[in-house]
Amino acid sequence: MQEEVGNRSVALAINTTKLTARVLKATILKCLVARINKKLSTPDIPHGKQSVKVLAGQNQGLSNIEVIDKVNNPGANGQCL
C-alpha cells in the first residue's frame, strides 16, 4: 500500500512538471509571435537628429522654409529690435 502511494505521488509530480513545461512553452511561443507581429506591423521611425536624406525617405513631404536674417535686416519680420 505504501509503495503504491509513493509511486502515485511520483507520477503526479512528473505529470505536473510536464504540464507546467507545456504551459510555459506555449506562453513563451505566444509572446514571441506577438513580438514578431508588433515589429512587422509598426515601421521603425527614427527619433532625434536626422539628415535630410532620412527625412525624405519617410515620405512626409518636404517644404521650403523662408529664413530671415535678423542680424543684417532687423526689420524684415515687421518687428523692431
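Details of the structure are given in the entry above.
Report on the accompanying structure. (Residues numbered from 1 in each chain as written. Predicted model: local features only at pLDDT ≥ 70, side-chain atom pairs only at ≥ 80, totals over all residues. Heavy atoms only, no water.)

## Quick word on the overall build of the protein
Looking only at helices and strands, one finds two helices and zero strands in the protein. Across the 81 residues in the protein, those meeting the buried criterion constitute 0%. Only carbon and sulfur atoms are counted for the fraction: they give 61% of the accessible area of the protein, which is about 8200 Å². (Helix = DSSP H or I, 4+ residues; strand = E, 2+ residues; numbered from the N terminus. Buried < 20%, exposed > 50% of the residue type's maximum accessible area, 1.4 Å probe, protein only. Areas by Shrake-Rupley, 256 points an atom, 1.4 Å probe, with all protein chains shown as cover.)

## A look at the pattern of salt bridges
Using the criterion set out here, one finds one salt bridge in the structure. Here Glu4 ties to Arg8 by a salt bridge, and the two come within 3.5 Å at their closest N and O atoms. Placement of the pair is Glu4 and Arg8 together in helix α1 (residues 2-41), with a separation of four residues, close to one helical turn. On the basis of relative accessibility, which here comes to 44%, the residue Glu4 falls in the partly exposed class. The exposure class of Arg8 is exposed, given its relative accessible area of 59%. (Salt bridge = Lys/Arg side-chain N within 4 Å of Asp/Glu carboxyl O.)

## Some details on a nonpolar patch on the surface
Together, Leu24, Ile28 and Leu32 give the surface a local cluster of nonpolar side chains, amounting to about 280 Å² of exposed area. Of note, Leu32 is situated in helix α1. (Patch = residues over 30% accessible without salt bridge, like charges linked within 9 Å, V, L, I, M, F, W, Y side chains within 5 Å.)

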